[in-house]
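Topology and contacts: notes
The lines below spell out each chain.
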Amino acid sequence: MNFFRGVIGGQQAGAQPSGVETIQKLCDRVASSTLLEDRRDAVRALKSLSKKYRMEVGTQAMDHLIRILQTDSSDSEILGYALDTLYNIICSDEEEEQEDAQRRQEDDIGAQFTERFIQEPENVTLLLTMLEEFDFHVRWPGVKLLTALLKCQCAQVQGIILVSPMGVSRLMDLLADSREVIRNDGLLLLQQLTKGNAAIQKIVAFENAFERLLDIITEEGTSDGGIVVEDCLLLLLNLLKNNSSNQNFFKEGSYIQRMKPWFEVGDDNSGWSAQKVTNLHLMLQLVRVMVSPVNSPGATASCQKAMFQCGLLQQLCTILMATGVPADILTETINTVSEVIRGSQVNQDYFASVNAPSNPPRPAIVVLLMSMVNERQPFVLRCAVLYCFQCFLYKNQKGQGEIVATLLPSTIDANSISAGQLLCGGLFSADSLSNWCAAVALGHALQDNLTQKEQLLRVQLATSLGKPPVSLLQQCTNILSQGSKVQTRVGLLMLLCTWMSNCPIAVTHFLHNQDNVPFLTAQISENLGEDERLVQGLCALLLGICIYYNDNSLENYTKEKLKQLIEKRIGKENFVEKLGFITKHELYSRAAQKPQPAFSTPEHMLFDHEFTKLVKELEGVITKAVHKSTEEEKKEEEVKKTLEQHDSIVTQYKELIREQDAQINELKEQVSTLASQKDQMQNTITQQLSQIQQHKDQYNILKLKLGKDSGQSDSGQVNGLQLEELTLLREELEELRKQHTLLNTQLAEKDTLIASLKAEGVQSSDGSTAAAENTELLKELESLRVQVQTQAAEISQLQRERQELQSRTEAMTAVSGEAADLAKVTKLENRLSTQTAETNRLQEEVRTLTESRAAMEKELAAATSTATILQTEKSKLQQEVAESKKEQDDLLMLLADQDQKILSLKQRLKDLGETIEDEDDLDARDQFDEDDDDEEEEDDE
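Cut-offs applied
- Residues numbered from 1 in each chain as written.
- Predicted model: local features only at pLDDT ≥ 70, side-chain atom pairs only at ≥ 80, totals over all residues.
- Heavy atoms only, no water.
- Helix = DSSP H or I, 4+ residues; strand = E, 2+ residues; numbered from the N terminus.
- Buried < 20%, exposed > 50% of the residue type's maximum accessible area, 1.4 Å probe, protein only.
- Contact = heavy atoms within 4.5 Å.
- Areas by Shrake-Rupley, 256 points an atom, 1.4 Å probe, with all protein chains shown as cover.
- pLDDT = per-residue confidence, 0-100.
- Axes fitted to C-alpha atoms, helices over the stretch in contact; angles between N-to-C directions.
- Parallel < 35°, antiparallel > 145°, perpendicular 65-115°, else oblique.
- Left-handed = near helix turned anticlockwise from the far one by under 90°.
- Nonpolar A, V, L, I, M, F, W, Y, C, P; charged D, E, K, R; others polar.
- Core = buried A, V, L, I, M, F, W, Y, C linked by side-chain atoms within 4.5 Å.
- Polar contact = N/O pair within 3.5 Å; in protein donor to acceptor, adjacent residues only side chain to side chain.
- Phe/Tyr/Trp six-rings, centres within 6.5 Å; stacked < 30°, edge-to-face > 60°.
- Lys NZ or Arg CZ within 6 Å of the ring centre and 35° of its normal.
- Arc of directions from axis to C-beta.
- Patch = residues over 30% accessible without salt bridge, like charges linked within 9 Å, V, L, I, M, F, W, Y side chains within 5 Å.
- Salt bridge = Lys/Arg side-chain N within 4 Å of Asp/Glu carboxyl O.
- Lys, Arg positive; Asp, Glu negative; His and termini not counted.
- Charge placed at Lys NZ, Arg CZ, Asp CG, Glu CD.
- Disulfide = S-S within 2.5 Å.

1. Topic: the overall build of the protein chain
Counting its regular elements, the protein chain contains 41 helices and 4 strands. For the protein chain, with 941 residues in total, the buried portion stands at 46%. Contacts in the protein chain between residues at least 24 apart in sequence constitute 73% of all its contacts with a sequence separation of at least 6. Total accessible area computed for the protein chain in this model is approximately 47,300 Å², and 50% of it derives from carbon and sulfur atoms.

Dropping the structure here:
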């Protein structure tokens, strides 16, 4: 102990050893000492020196410290010292106070030691094992050390933890620790662990992380909570961002519903703490992650639906219209509401119904647009409102119609401010940013909606007193010609391009003004500065739209004349070069990346995301349209007409073949139905034959019994036997009567089926199949007739046997009467008369069955005659099918001639240098040939 006091403690006589020498001696002591207390003191001394002599301790002592972790795992105190020392080596706690250069140097040192520590993956696995130790002095330093390792070498440590058995599960146990410091540092550890690793994110999510994190957020007070809530939200963002599997798990687990209480903001919104602002900002980001436009459309739609159903959207709209909310929270809330309603018709309809708490109440859309066109509002807030308006109109034709309707003369209300009035006011205000935002917003009201483009042509504006009103389209071109700021002109040109694309009526209105085309050609042909190149490109795009969507209704500005004008005044190559200025602009690619407008300064707001899609779609077709000559266009139109005629003929044949296929399928279904009915009838006949055989066997047994007992004189036994036999006979006759009824029913069904086949056979195109079916039906009817005759013979046989039995019974009754007394004879006679009456009744029933059998034979003869007639009609139908096929062959010959003409026309076009891109005619002809081959194969079969 004197040694350590000499190293660490008070002054000693003589020269003091240097830090390097002291560390060397301590390392030797750790390596060579046999006593645990000596090693513990040496490690404690290394810990105290590790901050000041970080490099020296790390270089000399790291291997010894790792060996301590491996060998002295039973002593928690020395483990804690070793872990703290390793943490000090890898991570410097004084980084925030250092300069940037020194901080980078310290980071490099930490990365080197981390690389050395993880060279052996067993070291990280050993550290994970130590985290299972509940002792605070081991677990807490272990959490901090593993966090430091992840900060320095994140990907490598993640890979080791991922392959370590139960590695992630051990770290998830930290969230359940009752000691808050370990739980909070465990959150920081999981934040580092889940960065950029989707596999670990999935494992953490399925380890019930969502449930635990949401519980912690609730326990800590949600948005009013402290730094722990922030850490939980950051971890949730790591787990959900760009991870569709976890997002789906979060939604399916009904965790979206648990987010609603986060946004319950009271009436008093004054005095928000910085931590509350941070927490609420992260909560809004978490909502946006679930409905981000980069997610798959199906997943986004399901999350939007869940947010509406649980009331989360309603809660966000409440914050949107509340007073006293900080500006950055209000901006982020607007962006969040934007993505919750984007593309969801139900959510968009709800947002349209939200009113601000003003007197009188105003729609939330109007209140937001007032902020957008107000130049005194913050720039980021105005961008957020524009994004919200764009999302409200995205794939929402109903909303687009409502916005445009507020501009039409019949719907304008002079007593209230409408969305359309605000947009027009912003469009023509002195603020260039308001001009741009209003133009883009109005363009989204026309996006992919031809009806609203035509409706907007009706809008008339009163420019000044005493002057007639002008159309909105004309006023836009008037402002363009006045030479306003670049941002204003870019916004107006984007609006005009969106308005006139795919709308020939709007193009005609634009060209009707004689000043518009000269203005565009002048703008394009001039050699202006760098700032004006974008305006030139947009003017070229607008002129190209006037060519491509021109319906040639104005004689002075037909397609051909506009192209001649470009060739004379501008030059085709120069025109295409100016058109390419749009996509070459540096801000174009930035706007094309995502729908949300994200600009650092107002001057950078030049392009809209949806407009970049329009440019990409139109640039190629406009270039091609400008380069084409009139003759080429005429030839192309002729070829198109010829191809359309060819397509119509092919379509007709396809329809005919489809109808024939449908008829054949119906006949096949009928055949299969008849086959199944035939099988059922055969099974029924087999069962009936088996029952008849059983009845015969029973009757033979009764005859044998009567023969054996005929010599006996016991009248009681004789009459008892006679009663049993008569009972069996009645049962047999009853069974035969039922079978007879069943056969009548089956015969009626067959007659009905023959009648239906006769009616449908006239419409069938396959006569041979129907004839075969009738032949099978005749065979089945013949078989039924044979069965009926057989059963009739059996009934006659049974009748004769019953009469013989009756005569024998009367003889036996006479013999027994001589031996019995008068009372018995009287009783027996009564019973015999009763049995005689029953026998007469049974004879009557047999006679009735015989008559029914005769009627059935007549019906069978009629059915046979009907089948013969039907077969004759089938033969006629087969002949008609052959004639129809001959007519089809003639039509095919005509079609082949037309194909040959088309091929010659194409060859002429190729000889003239025209490239034929449309190959639909070849595909259609190939499809037709395949269908025709299939039809011939079916006819052959």
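Next comes the rest of the write-up.
2. Brief notes about the environment of H444
Secondary-structure assignment places H444 in helix α25 (residues 432-446). Remark: the alpha-carbon pair of H444 and F392, spanning 52 residues in sequence, is separated by 9.5 Å. Once residues within four sequence positions are removed from consideration, H444 is found in contact with Q390, L393, Q400, D608 and E610.

3. Some points on the confidence of the model for the protein chain
As a note on interpretation, predicted positions should not be read in detail where pLDDT is low. On average, residues of the protein chain score 80 in pLDDT, and 77% of them reach the 70 mark or higher. Low pLDDT, under 50, characterises residues 761-772; the stretch is placed with 16 contacts to residues that sit more than four places away or in other chains.

4. Some remarks on the packing of helix α35 (residues 586-593) against helix α36 (residues 609-627)
Running from N to C, α35 and α36 point in directions that differ by 110 degrees, and their axes come no closer than 8 Å. Here α35 lies roughly perpendicular to α36, going by the angle between them. In the crossing of α35 with α36, the sense of the turn from one axis to the other is left-handed. Contacts between α35 and α36 involve Y588, A591, A592 and Q593 from the former and H609, T612, V615 and K616 from the latter. In terms of residue class, the contact of α35 with α36 is built from 4 nonpolar, 3 polar and 1 charged.

5. What about the packing of helix α24 (residues 419-427) against α25?
The interhelical angle for the contact between α24 and α25, taken along N-to-C directions, is 135 degrees, at an axis separation of 7 Å. With respect to each other, α24 and α25 are oriented oblique. In the packing of α24 onto α25, the handedness of the crossing is left-handed. When α24 is examined against α25, the residues L423, G426 and L427 are found in contact with a partner set consisting of S434, N435, A438, A439, A441 and L442. For the contact of α24 with α25, the per-class residue count stands at 6 nonpolar, 3 polar and no charged.

6. Side note on the nonpolar core
Counting 207 residues, the largest nonpolar core has L146, L171, W262, F263, F351, L472 and L541 as its most contacted members. Apart from residues lying up to four places away in sequence, L472 is in contact with C424, L427, F428, L442, L456, V459, L461 and W499.

7. Here's the deal with the side chain of S169
When you line up the elements, S169 lands in helix α10 (residues 167-172). For S169, a relative accessible area of 13% puts it in the buried group. In this structure the side chain of S169 is engaged in a polar contact, spanning 2.7 Å, whose partner is the side chain of E207.

8. Points about helix α29 (residues 504-512)
Within α29, the full set of buried residues consists of A506, V507, T508, F510 and L511. Tucked inside the fold, the buried residues of α29 contact α27 (472-481), α28 (486-500), α30 (516-525), α31 (533-548) and α32 (559-570).

9. Brief notes about the packing of aromatic side chains
Overall, the coordinates contain 12 aromatic pairs when judged by the stated rule. An angle of 25 degrees between the planes, with centres 5.4 Å apart, marks the rings of F136 and W140 as stacked. With F136 and W140 both in helix α8 (residues 136-152) and 4 residues apart, this pair spans about one turn of that helix. For W140, a relative accessible area of 26% corresponds to the partly exposed category. Here the aromatic residues F206, F210, F249, F250 and Y255 are joined through ring pairs into a cluster of three or more. Between the NZ or CZ atom of R179 and the centre of the ring of F134, over which it lies, the distance is 3.9 Å. Sitting over the face of the ring of Y394, R342 holds its NZ or CZ atom 3.8 Å from the ring centroid.

10. What to know about helix α33 (residues 572-579)
F575, K578 and L579 are the residues of α33 that are buried. Buried residues of α33 fall within an arc of 105 degrees about the axis and therefore sit on the same side.

11. A closer look at the environment of S672
Residue position: S672 is located in helix α37 (residues 630-708). Residue S672 is classed as partly exposed on the basis of its relative accessible area, which comes to 43%. Polar contacts involving the side chain of S672 include one to the main-chain carbonyl oxygen of E669, which spans 2.6 Å.

12. Remarks on the side chain of Q191
Note on placement: Q191 falls in helix α11 (residues 180-193). Among the residues examined, Q191 registers a relative accessible area of 11% and is labelled buried. A polar atom in the side chain of Q191 sits 3.0 Å from the backbone oxygen of D231. Other than its neighbours up to four places away in sequence, Q191 contacts D231, L234, L235 and N238.

13. Things to note about a negative patch on the surface
Among the surface-exposed residues, E880, E883, E887, D889 and D890 lie close enough to one another that they form a single negatively charged patch. As for its position among the elements, E883 is in helix α40 (residues 822-911). E883 sits in the partly exposed class, given a relative accessible area of 45%.

14. Considering the state of the cysteines
Taken as a whole, this structure holds 0 disulfides when the rule is applied. C388 provides the cysteine sulfur closest to C317, a residue in no disulfide bond, and the two sulfurs are 8.2 Å apart. No disulfide involves C497; its sulfur sits 8.5 Å from the nearest other cysteine sulfur, which is in C539.

15. Looking at the environment of I118
As for its position among the elements, I118 is in the loop between α6 (100-117) and α7 (121-130). Its relative accessible area of 8% is what places I118 among the buried residues. For the pair I118 and I160, spaced 42 residues apart in the sequence, the C-alpha separation amounts to 8.7 Å. Excluding residues that lie within four positions of it along the chain, I118 makes contacts with V124, Q153, Q156, V157 and I160.

16. Considerations on unusual backbone geometry
One non-glycine residue with positive phi stands out, namely N242, at about 60 degrees. Position of N242 relative to the elements: it lies in the loop between α14 (227-240) and α15 (244-252). In this structure, D448 is a non-glycine residue whose phi angle is positive, near 55 degrees. Following the sequence through the fold, D448 ends up in the loop between α25 and α26 (450-456).

17. Topic: a nonpolar patch on the surface
Side chains of L162, V163 and I203 sit close together on the surface and give an oily, nonpolar patch of about 250 Å² of accessible area. Checked against the element boundaries, L162 lands in helix α9 (residues 154-163).

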